[in-house]
Amino acid sequence: MKNNKLKFWLVLVVLIAIFITSLPVYAESVYLSASKKSLSVGQTVTISVQASGVPNLSSLGFDLVYDPEIFSYVSGSVNGKSDGGSALIEKAESNVVQVQVDQYIINSSKDPKLATLNFKAIKTTSKAVNFEIRDYAMADLGLSNTFYQGKAVKISTSVTVTEPPVLSKNADLKSLTIAPGPLTPAFRSDNNSYSVTVGETTKSLTVDAQAADPKAQKVDISGHTNLKPGLNTVRIVVTAESGATKTYTIKVTRTEAAPTPAATPTPAPSPTPVPSPTPAPTVQINGTTLTIAPLVEGTSPPAGFSEASINYEGQTLPAYVSQSGGITLVHFANSAGTTAYYVYDAATGSFAPYRSITIPARSYVLLPADDLTAPAGYKAATVTISGQTVNGFQAEQADTANGQATLVYLMSDSGTKHLYAWNEKTGELNRFVPPVPEGNSPTPAPSGEPTGAVAGPVGNDNDPGNPGASGNAGNGMFGLILVIVGLAALSMMLGGILLYQRFGGRRRKGYGRIQAPPIRRVDETFN
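Everything numeric in this text was worked out from a predicted model, so none of it was measured.

A closer look at the overall build of the protein chain
The helix and strand inventory of the protein chain stands at two helices and 31 strands. For the protein chain, the proportion of its 527 residues judged to be buried stands at 34%. Counting contacts in the protein chain only where the partners sit at least 6 residues apart, residues at least 24 apart contribute 61% of the total. Carbon and sulfur atoms form 54% of the exposed surface of the protein chain, whose accessible area is close to 30,800 Å².

Next up, the structure:
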């Protein structure tokens, strides 16, 4: 009976042993490895997190601790493929990189690497620096999510950071020879410029260059083949161990075949230099720069004027002078190219626009009255005569019944200047005579100047269509008529003075008026 019980327990133990030995055995473990155990500042090391005994890893979590004074975190990745899960790698603290993986399929039997993290060395260290894992946890999908919890064991790897190696910067040559040669000057390692002359049949140069430093990376030679007639440049570039370079040059002159001398050409005569055009003189008038303008071909100055010249501020200007010599005209152009005549006053050295009016047998030039004092009973004003505007004087008390009287400053062709009264309502032009106080005799007007009421169109001596323009023919007859008219006008003026004294200076409307066409403009000046 006892033997039967013993056999039963023996069989049971054997069966349990067989069953246990048929089950898979896993021995989980996690460890770190570094791609290099020693590196220089600026280089990168890869830290791999690996596992064994976990064939179907589905989740993973750990903290990797490092020294932030020696290394800086660069990047990281998880090995395997996602099964609808996620992988998170982030810098949790200044010295901790945290890895959290969920629903990943990682077969550590085929590839034990779970994750890789990259770090850059930023400082040297005299001893090895550790990378450590703390608080790791894993789950195995194949064992119904068997959970492995990290134990209080130290999982680490160490790396040493050293100073970068000192690389040689020597890029000198210890020797340089050529064929054909020799070099000029003789070779010295501290001289990097040479020259040589070769015959016209030499098309290439043999160059032998040896670096002074055996650790130099390379010596490159270029430009020593396919030499062309004339100047060629050969370059020898030495690259030192550190990457520094130094260039030696050889100027190679390949002689050319002497050409057949050509006949010496007869030198062509030197061309006569064209003189530079002299710029036209300019004058400032009322703030505007005007330039002397020559007359267009086929045109002539106003009738009765001939060519002359004047001296103005050290410049000789072409001008045109009337036959009597009393009026001097200068032809100007503005910046837009518009031309016009201006009257030159030699006494004041000034210019005024050339505008004229014509009465029977006489022409007058309109002048601005800027420098004159207003007569008693008049004030300075802008006077407009048939569209032409000039500075003159206006009566302070308007005579609306007989027309507004204005005074204009005129110059005759003899150069005589006087004030004339212009009645814009009646069209009368009279030599202005200031009122004479009672008891005084009036001063007679000079002969040849009209004193009565005269009227005529505004004109210009060079206007052939102006019926009032003066000419050379008949001047004698007109002079006689003017004398007679002057005497008659003097008699009329004396009678007018008596009437003025009797009736308070009021002149009867229409007294002494000569009917004539209204004044009209015949010339233009600059606006």
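Here the narrative resumes, following the displayed structure.
A closer look at the sheet that holds strand E16 (residues 230–239)
As a general point, the strands of a sheet are linked pairwise by backbone hydrogen bonds and lie either parallel or antiparallel. With respect to topology, four strands assemble into an open sheet ordered E13-E17-E16-E15, the strand pairing being mixed. What marks the edges here is a single partner per strand, and that holds for strand E13 (193–198) and strand E15 (218–222). In this sheet, adjacent strand axes meet at a mean angle of 20 degrees when their direction is disregarded. By the bridge criterion, five bridges tie E15 to E16 in an arrangement that is antiparallel. Within E16, the position partnered with Ile221 by the bridge is Ile236.

Description of the packing of aromatic side chains
This model, assessed by the stated rule, comprises 14 aromatic pairs. With a centroid separation of 4.9 Å and an interplanar angle of 55 degrees, the aromatic rings of Phe71 and Phe131 are classed as tilted. A residue pair is termed long-range when its members are at least 10 positions apart, and Phe71 in strand E5 (residues 71–78) and Phe131 in strand E9 (residues 129–140) qualify at 60 residues. Take Phe71: its relative accessible area is 1%, and that puts it in the buried class. Judged by its relative accessible area of 0%, Phe131 falls in the buried class.

Observations concerning the environment of His331
Its location among the elements puts His331 in strand E22 (residues 328–333). Residues His331 and Pro318, spaced 13 residues apart in sequence, show a C-alpha to C-alpha distance of 8.1 Å. Within polar-contact distance, the side chain of His331 engages the backbone oxygen of Ala293 at 2.9 Å.

Remarks on the pattern of salt bridges
Under the criterion given, the structure shown has five salt bridges. Arg188 is paired through a salt bridge with Asp190; the nearest N and O atoms lie 3.1 Å apart. Asp345 serves as the salt-bridge partner of Lys417, at 2.7 Å between the closest nitrogen and oxygen. Highlighted residues: Lys417 in strand E30 (residues 417–423) and Asp345 in strand E23 (residues 339–345), separated in sequence by 72 residues. The class of Lys417 is partly exposed, set by a relative accessible area of 27%.

Things to note about the side chain of Thr406
For Thr406, the location among the structural elements is in strand E29 (residues 405–412). For Thr406, a relative accessible area of 5% translates into the label buried. Contacts of Thr406, omitting those with residues within four sequence positions, involve Val383, Phe393, Gln394, Tyr420, Ala421 and Trp422.

Some details on the nonpolar core
By size, the foremost hydrophobic cluster in this structure holds 32 residues, and its most contacted members are Phe62, Leu64, Phe71, Phe119, Phe131 and Ile133. Secondary-structure elements contributing two or more residues to this core are strand E1 (29–34), strand E3 (44–52), strand E4 (57–65), E5, strand E7 (96–106), strand E8 (113–121), E9 and strand E11 (155–162). Sequence-distant contacts of Phe119, defined by excluding residues within four places in its chain, comprise Gln43, Thr44, Val45, Ile47, Leu64, Tyr66, Phe71, Ser72, Tyr73, Val74, Val97 and Phe131.

Observations concerning the confidence of the model for the protein chain
Predicted confidence across the protein chain gives a mean pLDDT of 75, with 71% of residues reaching 70 or more. This stretch, residues 445–476, has a pLDDT under 50; its non-local contacts, to residues over four places away or in other chains, come to 103 contacts. Low pLDDT, under 50, characterises residues 519–525; the predicted model gives this stretch 32 contacts beyond four residues in sequence or across chains.

Topic: the sheet that holds E8
Across the sheet, four strands lie side by side as E1-E3-E8-E5; this open sheet has antiparallel pairing. Looking at strand neighbours, the two that pair on one side only are E1 and E5, the edges of this open sheet. When the angles between neighbouring strand axes are averaged without regard to direction, this sheet yields 20 degrees. Across seven bridges, the pairing between E5 and E8 is antiparallel. Pairing of Tyr73 across the sheet is with Phe119, part of E8.

A few points about the pairing of strand E17 (residues 245–254)
In the sheet, E13 pairs with E17 via six bridges, with the strands oriented parallel. Looking across to E17, one finds that Val198 is bridged to Arg254. The pairing of E16 with E17 spans ten bridges and is antiparallel. Each bridged residue has a counterpart across the sheet, and for Val234 the counterpart in E17 is Ile250.

Things to note about the side chain of Thr328
Examined against the element boundaries, Thr328 turns out to sit in strand E22. Here Thr328 falls in the buried class, since its relative accessible area comes to 14%. Apart from residues lying up to four places away in sequence, Thr328 is in contact with Ile310, Ala319, Tyr320, Val321, Tyr342, Val343 and Tyr344.

Let's talk about unusual backbone geometry
With an omega dihedral of -5 degrees, the bond running from Ala179 to Pro180 counts as a cis peptide bond. Structurally, Pro180 is set in the loop between strand E12 (173–179) and E13. Note that the residue after Thr184, namely Pro185, is joined by a cis bond; omega there is -5 degrees. Positionally, Pro185 belongs in the loop between E12 and E13.

Brief notes about the environment of Ile221
Mapped onto the elements, Ile221 comes out in strand E15. For Ile221, the contacting residues outside a window of four places in its chain are Val207, Ala209, Val234, Arg235 and Ile236.

Parameters at a glance
Residues numbered from 1 in each chain as written. Predicted model: local features only at pLDDT ≥ 70, side-chain atom pairs only at ≥ 80, totals over all residues. Heavy atoms only, no water. Helix = DSSP H or I, 4+ residues; strand = E, 2+ residues; numbered from the N terminus. Buried < 20%, exposed > 50% of the residue type's maximum accessible area, 1.4 Å probe, protein only. Contact = heavy atoms within 4.5 Å. Areas by Shrake-Rupley, 256 points an atom, 1.4 Å probe, with all protein chains shown as cover. Pairing = 2+ DSSP bridges. Axes fitted to C-alpha atoms, helices over the stretch in contact; angles between N-to-C directions. Phe/Tyr/Trp six-rings, centres within 6.5 Å; stacked < 30°, edge-to-face > 60°. Polar contact = N/O pair within 3.5 Å; in protein donor to acceptor, adjacent residues only side chain to side chain. Salt bridge = Lys/Arg side-chain N within 4 Å of Asp/Glu carboxyl O. Core = buried A, V, L, I, M, F, W, Y, C linked by side-chain atoms within 4.5 Å. pLDDT = per-residue confidence, 0-100.

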